[in-house]
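Chain and residue survey
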Amino acid sequence: MTEWLNSPALTAEGLRQGGPDRFLDLLLHQLPAGDSYVRAWADKYKDLVVIGVHAPEFAFEKSTRNVRAAVADLKINYPVAIDNDYAIWRAFNNQYWPAHYFIDAEGRIRHHHFGEGDYEESEHAIQRLLAEAGKTEVSADVVAVNAAGARRRPT
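Attention in this report is confined to the structure presented alongside it. What you see is a predicted model; the values in this text were computed from it and never measured. (Residues numbered from 1 in each chain as written. Predicted model: local features only at pLDDT ≥ 70, side-chain atom pairs only at ≥ 80, totals over all residues. Heavy atoms only, no water.)

1. Focus: helix α5 (residues 119–132)
Taking 1.5 Å as the rise per residue, α5 with 14 residues should run 20 Å; its terminal C-alpha atoms sit 20 Å apart, in good agreement. Residues of α5 that are buried include every one of Tyr119, Ser122, Glu123, Ala125, Ile126, Gln127, Leu129 and Leu130, and no others. Gly134 sits one or two positions beyond α5 and adopts a positive phi of about 95 degrees. (Helix = DSSP H or I, 4+ residues; strand = E, 2+ residues; numbered from the N terminus. Expected span 1.5 Å × (residues − 1). Buried < 20%, exposed > 50% of the residue type's maximum accessible area, 1.4 Å probe, protein only.)

And the structure:
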């Protein structure tokens, strides 16, 4: 069973009836830099549906209490599915931590990125998908994230 943080349980059918575009962010492990970018995209693109999926690698990551604390510490306010049984992970045939999947309004994966980095390329994919979905006021600028320490952008 998948638990949800920051949202009631979401379904594929409910998402199809929802907004113009989807960005499924599989937060499959701690994201040192990526969490800052995903939060910035969620804040910037209000028509974008951002969903985090937490699939644990270590035993302590299976604890809903631990995940809830991490989500609060990272100031993540978009929906996060706790995928302890790896149902979502398997549905995407995923093999990577982290993995970002960009899904269009028709439910097709149109772009993906595995690992950290390439944040500008990923944001441009978001902009293209929003434009294709009919959003006319999509900024071509990319977010500036000033992450420090463990969240510093990889070089």
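Moving on, there is more to tell.
2. Focus: the side chain of His113
As for its position among the elements, His113 is in strand β6 (residues 109–114). With relative accessibility at 11%, the residue His113 sits in the buried group. A polar atom in the side chain of His113 sits 3.3 Å from the backbone oxygen of Gly115. Polar side-chain contacts of His113 include one of 3.2 Å to the backbone oxygen of Gly117. Leave out the neighbours within four places in its chain, and His113 touches Pro98, Ala99, His100, Asp118 and Ser122. (Polar contact = N/O pair within 3.5 Å; in protein donor to acceptor, adjacent residues only side chain to side chain. Contact = heavy atoms within 4.5 Å.)

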